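For reference, the chains in residue letters:
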Amino acid sequence: GGMAMQKSESDPAKLWVPTGSVALEHSEYAKDTWPSDVALTYMLVSPRDSAPGKNILTAENLQSMLRVYNEVLSIKVDGSKVVEDSKSIAD
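This section reports on the structure supplied with the text.

Summarising the element assignment, asparagine 61 is placed in helix α3 (residues 59-73). Among the polar contacts listed, one links the side chain of asparagine 61 to the side chain of threonine 58, at a separation of 3.1 Å. With near-sequence residues (within four places) excluded, asparagine 61 lies in contact with Pro47, Asn55 and Ile56.

As structure tokens, this is what we get:
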């Protein structure tokens, strides 16, 4: 039946940009020309309650964010080990 042939779409560009539009063509060109597995990650930060004035842009807060940023960048993942370990997980 029809429902068995249904395909879902999660790419916002394909959902909201008209088919055949220049923007969609440019997006496809960029993806094809410069493939990437990079994903954007956002981090929302706020000062601690005890921070005077609750200003996120103080030197202390910026240094704290930089420490967290550097800690995140220092995380190393052995992809081969992850794949090997996941083989033992039952479906």
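If you walk through the whole model with that rule in mind, you get 1 aromatic pair. Ring centres 5.8 Å apart and planes at 90° place the aromatic pair tyrosine 29 and tryptophan 34 in the edge-to-face group. On the basis of relative accessible area, tryptophan 34 is assigned to the exposed category, the value being 58%.

Here leucine 57 shows up in the loop between α2 (22-33) and α3. Separated by 10 residues in the primary sequence, leucine 57 and proline 47 have C-alpha atoms spaced 8.8 Å apart.

The rules behind each value
Residues numbered from 1 in each chain as written. Predicted model: local features only at pLDDT ≥ 70, side-chain atom pairs only at ≥ 80, totals over all residues. Heavy atoms only, no water. Helix = DSSP H or I, 4+ residues; strand = E, 2+ residues; numbered from the N terminus. Polar contact = N/O pair within 3.5 Å; in protein donor to acceptor, adjacent residues only side chain to side chain. Contact = heavy atoms within 4.5 Å. Phe/Tyr/Trp six-rings, centres within 6.5 Å; stacked < 30°, edge-to-face > 60°. Buried < 20%, exposed > 50% of the residue type's maximum accessible area, 1.4 Å probe, protein only.

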